[in-house]
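Summary of structural features
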Amino acid sequence: MEIGALVTFSDVIENPVFKKYANALYESALVMGSPQIRNRATLGGNIANASPSGDSIPPLFVLKAKIKTNLRTVDIDRFFTGPKKTILKENELITRIIIPKEQKESYFMKVGPRKALAISKVSVAMAFKMQKGVLKDVRVALGAVGPTVLRAKKTEDFLEGKHLSDRIIKKAGEIVSSEAMPIDDFRSLAVYRRKVAGSILEKILEGRLKWVR
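Described below are features of the structure shown in this document. Along each chain, residues carry numbers from 1 onward, in the same order as the chain's sequence is written. Reporting in this predicted model follows two pLDDT cut-offs: at least 70 for local features of residues, and 80 or more for side-chain atom pairs to be given and counted; totals over whole chains, interfaces and linings ignore these cut-offs and use all residues. Side-chain metrics rest on all non-hydrogen atoms present in the structure, leaving aside hydrogens and water.

Here we take up the sheet that holds strand S6 (residues 94-98). In spatial order, the strands read S1-S6-S2-S3; together these 4 strands make up an open sheet with antiparallel pairing. Looking at strand neighbours, the two that pair on one side only are strand S1 (2-4) and strand S3 (73-75), the edges of this open sheet. Averaged over neighbouring strand pairs, the angle between their axes works out to 25° when direction is ignored. By the convention used here, strands pair only if DSSP detects at least 2 bridges between them. A run of H or I in DSSP becomes a helix once it reaches four residues, and a run of E becomes a strand once it reaches two; helices and strands are each numbered from the N terminus. Axes here refer to lines fitted to C-alpha atoms; in helices the fit is confined to the stretch in contact. Angles between the N-to-C directions go from 0 to 180 degrees.

Set out below in structure tokens:
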């Protein structure tokens, strides 16, 4: 699935293709900014801004997105070099975002100071396949808890091949909390962000466990 860089967050919400093949991105669009901002803000702009709290970025990490520019195509997890920093050169522009059309479940949740017009204090995106009740191809990404969006690889490795249970979910929450690398700033404390990262992942998995049961 190729998405133009000027696709807006409202476009993501209104096009059913996103909910079907990129639900995490769809869910992030629902809670991004306000209706007025979603009508103007673009995926390309959110990516190029390179904020660790950018709402679309964790979903794109777990969806294995590639960033296409006028010069090259790069995996998204190689695109960011630090807060507000990317590999883009002076003569380089994002033109498209490429997402593999895989039959995977994906989810996104964030916590902010209020329900709307809120910059994320912590966000979590997750994608996986469920085969005979077993988690496969697990990917977890964390936003606003490091200098860039982070892949939670220890958490991914722990969940890979597991049957969901209350015990497994609690342990996954503990592991993902330990992988977060937040700082104290004017929006939140590091210890709070670590705890909330675990709580969000647990909430995502608990929602999925209800289907299994």
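From this point, things continue past the structure.
As a general point, the strands of a sheet are linked pairwise by backbone hydrogen bonds and lie either parallel or antiparallel. Spatially, the 4 strands line up as an open sheet ordered S7-S8-S9-S10, and their pairing is antiparallel. For this open sheet the edge positions go to strand S7 (105-111) and strand S10 (150-151), each flanked by a neighbour on one side alone. Here strand S8 (residues 122-131) pairs with strand S9 (residues 134-143) via 8 bridges, running antiparallel. Looking at S9, one finds that glutamine 131 is bridged to valine 134.

Bringing empty space enclosed by the protein into the picture now. Any empty space left between atoms is shown by rolling a water-sized probe over those atoms. Both site types are read off a 1 Å grid over the protein atoms alone. A 1.4 Å probe that fits but cannot get out defines a cavity, while an open set with protein on both sides within 12 Å along at least five of seven lines defines a pocket; lining residues have an atom within 4 Å of a point. Grid points are joined across faces, edges and corners, and a volume is the space filled by probe spheres set on the points. Scanning the entire structure with this criterion turns up 2 cavities of 30 Å³ or more. Estimated volume of the largest cavity: approximately 70 Å³. Any residue outside Ala, Val, Leu, Ile, Met, Phe, Trp, Tyr, Cys, Pro, Asp, Glu, Lys and Arg is labelled polar, Gly included; the first ten of those are nonpolar and the last four are charged. Per-class residue counts for the lining of the largest cavity are 6 nonpolar, no polar and 3 charged. In this structure, the second largest cavity encloses a volume near 30 Å³. Looking at the second largest cavity, the residues that line it are Ala50, Ser51, Pro52, Ile57, Phe80, Gly82, Pro147, Thr148 and Val149.

Okay, a nonpolar patch on the surface next. Residues form patches when they are more than 30% accessible in relative terms and have no salt bridge. Like charges link within 9 Å. Nonpolar side chains (Val, Leu, Ile, Met, Phe, Trp, Tyr) link within 5 Å. Here, Shrake-Rupley sampling with a 1.4 Å probe gives the accessible areas, and only protein chains in the shown set may cover a residue. What makes a salt bridge here is a side-chain nitrogen of Lys or Arg within 4 Å of a carboxyl oxygen of Asp or Glu, nothing more. Taken together, Leu189, Val191 and Tyr192 make up a surface patch of nonpolar side chains, about 290 Å² in accessible area. Residue position: leucine 189 is located in the loop between helix H8 (166-179) and helix H9 (190-212).

Further remarks concern the nonpolar core. The term nonpolar core refers to a set of buried residues drawn from Ala, Val, Leu, Ile, Met, Phe, Trp, Tyr and Cys, joined through side-chain atoms within 4.5 Å. Here the term buried applies to any residue with accessible area under 20% of the maximum for its type, exposed to any over 50%, and partly exposed to those in between, with areas from a 1.4 Å probe on protein chains only. Formed by 35 residues in total, the largest nonpolar core has its most connected members in Ile3, Leu25, Ile97 and Ile99. Secondary structure elements with two or more residues in this core: helix H1 (9-14), helix H2 (16-21), helix H3 (23-30), helix H5 (43-49), helix H6 (57-62), S6 and S8. A total of 4 residues in this core trace back to one element, the largest contributor, which is H6. Listed in part, the 28 residues of the second largest apolar core include Val122, Phe128, Val145 and Leu164.

All right, on to the packing of aromatic side chains then. The way to describe two aromatic rings as a pair is by their centre distance and the angle between their planes. Working definition: rings of Phe, Tyr and Trp (its six-membered ring) pair if their centres are within 6.5 Å, and the pair is stacked with planes under 30 degrees apart, edge-to-face with planes over 60 apart, and tilted otherwise. With the rule as written, the count across this model stands at 3 aromatic pairs. Among the aromatic residues, ring-to-ring pairing joins Phe61, Phe79 and Phe80 into one connected group. Two conditions define a charge located above a ring, namely a distance within 6 Å from the ring centre to NZ of Lys or CZ of Arg, and an angle within 35 degrees of the ring normal. Sitting above the plane of the phenylalanine 158 ring, lysine 162 keeps its charged end 4.5 Å from the centroid.

By the secondary structure assignment, arginine 193 is in helix H9. On the basis of relative accessible area, arginine 193 is assigned to the buried category, the value being 1%. Along the backbone, arginine 193 and alanine 180 are 13 residues apart, and their C-alpha atoms lie at a distance of 7.9 Å. Any two residues having at least one pair of non-hydrogen atoms within 4.5 Å are treated as being in contact. Setting aside anything within four residues of it in sequence, one finds arginine 193 in contact with Lys121, Val122, Ala144, Val145, Pro182, Ile183, Asp185, Arg187 and Ser188.

These results come straight from atomic positions and should not be treated as a statement about function.
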